Amino acid sequence: MGERESADALLRSAIGGDRRALARLLSVVEAGGAPFRVIAPQIFAAGRGTHTVGLTGAPGAGKSTLTDALVTEVRRHGSRVAVVAVDPSSPLSGGAILGDRVRLRQQNVVDDDVYVRSMASRGQLGGLSLAVPEVIRTLDAAGWPVVLIETVGVGQSEVAITENADTTVVVLNPGWGDEVQANKAGLLEIADVLVVNKADRPGVQATVRDLERMLHLGKVQPWAPAVLTTIATDGTGVDRLWQVITDHQRFLAETGEREHRRAQRRIAEVRERVLHELTDVSSRVERSHAGALIIGALAKGEIDPVTASDRLIRLAAGRMADAR
Ligand SMILES: Nc1nc2c(ncn2[C@@H]2O[C@H](COP(=O)(O)OP(=O)(O)O)[C@@H](O)[C@H]2O)c(=O)[nH]1
Ligand SMILES: [Mg+2]
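Residues numbered from 1 in each chain as written. Chains lettered and ligands numbered in written order. Predicted model: local features only at pLDDT ≥ 70, side-chain atom pairs only at ≥ 80, totals over all residues. Heavy atoms only, no water.

**A short note on the sheet that holds strand S5 (residues 167–172)**
- Spatial ordering of the open sheet is given by S3-S2-S4-S1-S5-S6-S7, a layout of seven strands whose pairing is parallel. The two strands at the open ends of the sheet, each matched to only one other strand, are strand S3 (114–120) and strand S7 (226–230). Across this sheet, the average inter-strand angle for adjacent strands is 20°, counted without regard to direction.
- With five bridges joining them, strand S1 (residues 51–56) and strand S4 (residues 146–151) adopt parallel strand pairing. Within S4, the residue paired with histidine 51 across the bridge is valine 146. (Pairing = 2+ DSSP bridges. Helix = DSSP H or I, 4+ residues; strand = E, 2+ residues; numbered from the N terminus. Axes fitted to C-alpha atoms, helices over the stretch in contact; angles between N-to-C directions.)

**With respect to empty space enclosed by the protein**
- The final tally for this structure, using the stated rule, is one cavity of 30 Å³ or more.
- What the largest cavity holds in volume is close to 40 Å³.
- Around the largest cavity, the lining residues are Ala14, Gly17, Asp18, Arg19, Leu22, Arg80, Ala142 and Trp144.
- Split into classes, the residues belonging to the lining of the largest cavity amount to four nonpolar, one polar and three charged.
- When residues of the lining of the largest cavity are assigned to domains, at least three map to each of domain 1 (1–45) and domain 2 (47–255). (1 Å grid on protein atoms, 1.4 Å probe; cavity = no way out; pocket = protein on both sides within 12 Å on 5 of 7 lines; lining within 4 Å. Points joined across faces, edges and corners; volume = space filled by probe spheres on them. Nonpolar A, V, L, I, M, F, W, Y, C, P; charged D, E, K, R; others polar. Domains from an automatic or database assignment.)

**Brief notes about helix H7 (residues 128–141)**
- The first and last C-alpha atoms of H7 sit 20 Å apart over 14 residues, in line with the 20 Å expected at 1.5 Å per residue.
- Most of H7 is tucked away, with 13 of its 14 residues classed as buried.
- A positive phi of about 90° marks glycine 143, the residue just after H7. (Expected span 1.5 Å × (residues − 1). Buried < 20%, exposed > 50% of the residue type's maximum accessible area, 1.4 Å probe, protein only.)

**Notes on the packing of aromatic side chains**
- Counted under the stated rule, the structure contains two aromatic pairs.
- Taking the centre distance of 5.4 Å and the plane angle of 45° together, the rings of tryptophan 223 and phenylalanine 251 count as tilted. Here tryptophan 223 is found in the loop between helix H11 (204–217) and S7, whereas its partner phenylalanine 251 is found in helix H12 (residues 238–255), with 28 residues between them in sequence. Comparing tryptophan 223 with phenylalanine 251, the two get one shared label, buried.
- The residue whose ring lies beneath arginine 80 is tryptophan 144, and the NZ or CZ to ring-centre distance is 3.8 Å. (Phe/Tyr/Trp six-rings, centres within 6.5 Å; stacked < 30°, edge-to-face > 60°. Lys NZ or Arg CZ within 6 Å of the ring centre and 35° of its normal.)

**Observations regarding the coordination of the magnesium ion (ligand 2)**
- Protein coordination at the magnesium ion (ligand 2): the donors are Ser64 (OG) and Glu150 (OE), at 2.1 to 2.4 Å from the metal. Within this pair, whereas serine 64 is found in helix H4 (residues 63–76), its partner glutamate 150 is found in strand S4, the two being separated by 86 residues in sequence.
- Glutamate 150 sits in the buried class, given a relative accessible area of 6%. (Donors = N, O, S within 2.8 Å, 3.2 Å for Na, K, Ca; no water.)

**So, the nonpolar core**
- Counting residues in hydrophobic clusters, the biggest one holds 31 residues, and the most contacted among them are Leu66, Leu70, Leu148, Val169 and Leu241.
- When residues of this core are traced back to their parent elements, those giving at least two are S1, H4, strand S2 (81–87), S4, S5, strand S6 (193–197), S7 and H12.
- Here this core gets seven residues from one element, more than from any other, and that element is H12.
- By size, the runner-up hydrophobic cluster in this structure holds 30 residues, among which are Leu22, Leu128, Ala142 and Ile161. (Core = buried A, V, L, I, M, F, W, Y, C linked by side-chain atoms within 4.5 Å.)

**A word on the layout of surface pockets**
- Each pocket or cavity is described by its volume, and for the largest pocket that value is around 790 Å³.
- Glu189, Ile190, Ala191, Asp192 and Gln221 are the residues nearest the centre of the largest pocket, which is lined by 30 residues in total.
- Of all the elements in the fold, those that place two or more residues in the lining of the largest pocket are helix H10 (187–190), H11, H12 and helix H13 (257–287).
- Taken together, the residues that form the lining of the largest pocket break down as 13 nonpolar, nine polar and eight charged.

**Brief notes about the site of ligand 1**
- With respect to spatial proximity, 16 residues lie near ligand 1, and among them Gly60, Lys63, Ser64, Thr65 and Asp200 are the closest.
- The separation between an oxygen atom of ligand 1 and a polar main-chain atom of alanine 232 is 3.0 Å.
- Threonine 233 has a polar side-chain atom sitting 3.5 Å from a nitrogen atom of ligand 1.
- Top contributing element to the shell around ligand 1 by residue count: H4, with three residues.
- Looking at side-chain class alone, the shell around ligand 1 contains five nonpolar, six polar and five charged residues. (Near = heavy atom within 4 Å. Polar contact = N/O pair within 3.5 Å; in protein donor to acceptor, adjacent residues only side chain to side chain.)

**A look at H13**
- For H13, with 31 residues, the first-to-last C-alpha span of 45 Å sits near the 45 Å given by 1.5 Å per residue.
- Every buried residue belonging to H13 is among Arg262, Arg265, Glu269, Arg273, Val281 and Val285, and all of these are buried.
- Of the surrounding elements, those touching the buried residues of H13 are helix H3 (34–46), S1, H7, helix H14 (289–299) and helix H15 (305–323). (Contact = heavy atoms within 4.5 Å.)

**Describing the environment of valine 146**
- Note that valine 146 resides in strand S4.
- Residue class for valine 146 comes out buried when judged on its relative accessible area of 6%.
- Setting aside residues no more than four positions away along its own chain, valine 146 makes contact with Thr50, His51, Val74, Ser79, Arg80, Val81, Ala82 and Trp242.

**Regarding the environment of glycine 235**
- The topology assignment puts glycine 235 in the loop between S7 and H12.
- Placed 166 residues apart in sequence, glycine 235 and alanine 69 show a C-alpha to C-alpha distance of 5.9 Å.

Structural data, given as structure tokens:
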């Protein structure tokens, strides 16, 4: 059986509801290699338009706990739900360590209508930021209408990953100047929904007030980000959170904003992919025999940098032409 056939078969089985096939398919997708590339168009074509919700915020804010509470809430409404837990900062931690952080309650773990996938930045050809949208697409193709994406931190790459979501939920805590930090990190700008989690702790109302004040300073937008409070550990406020998330989904659909955003994201994604692949070709060419000769001549001052780069680009173009 050829690679194409097997990836095809995995996709068919995954679409048919086979979870083990889906897990293997996601590994093929994450690896980003040739078998993935041949089925990428089919995965795209099979997409039905899943609603993606990104949760971001500082480590310890309660994202994982809130994700589990949201899974429970989504299931209460009868919809299937997938969770993608992304850790861009950990190149080495495999699924086991990361998986441990997405600790769903037992009722969700055994639920056939809940699916969890952990991703670390390990081994992908295209890097994690290229793999995440493809993993989401694959879950979409496999019939998961809601995908929650949890990132572990608030760095640049985490924010970029959150931007793959239709609805971005920023999770903060009361007190400690969290709202100021979030503002500095640019989180208030990307938030469709702001959640002050750990509302069982002091300072909730002050934090909510500060956030609302900061939001009002921003420009008027057709969707005004809501500020909500939750206690993720006992589920308080999570029903309201899910309601606001679905309100946002409806807003996006009705205004045409959803398709607009998705199209913009696809364009940004392709730019990143092209850049990544050109960089990849460039470094492979540099390491090739012909490339090393050019670099050697450049190092010795026998040729100038412009000539060296022109020659390397010509080599790269030749390689790419051969590969197609
Ligand atoms: N008191 C309180 N603790 C919470 C709440 N939500 C989460 N926690 C606790 O905060 C800690 C970090 O939660 P976690 O979900 O792992 O945070 P993450 O790093 O953002 O994913 C855990 O010990 C949780 O039990 C809450 O609403 N109230
Ligand atoms: Mg977590």
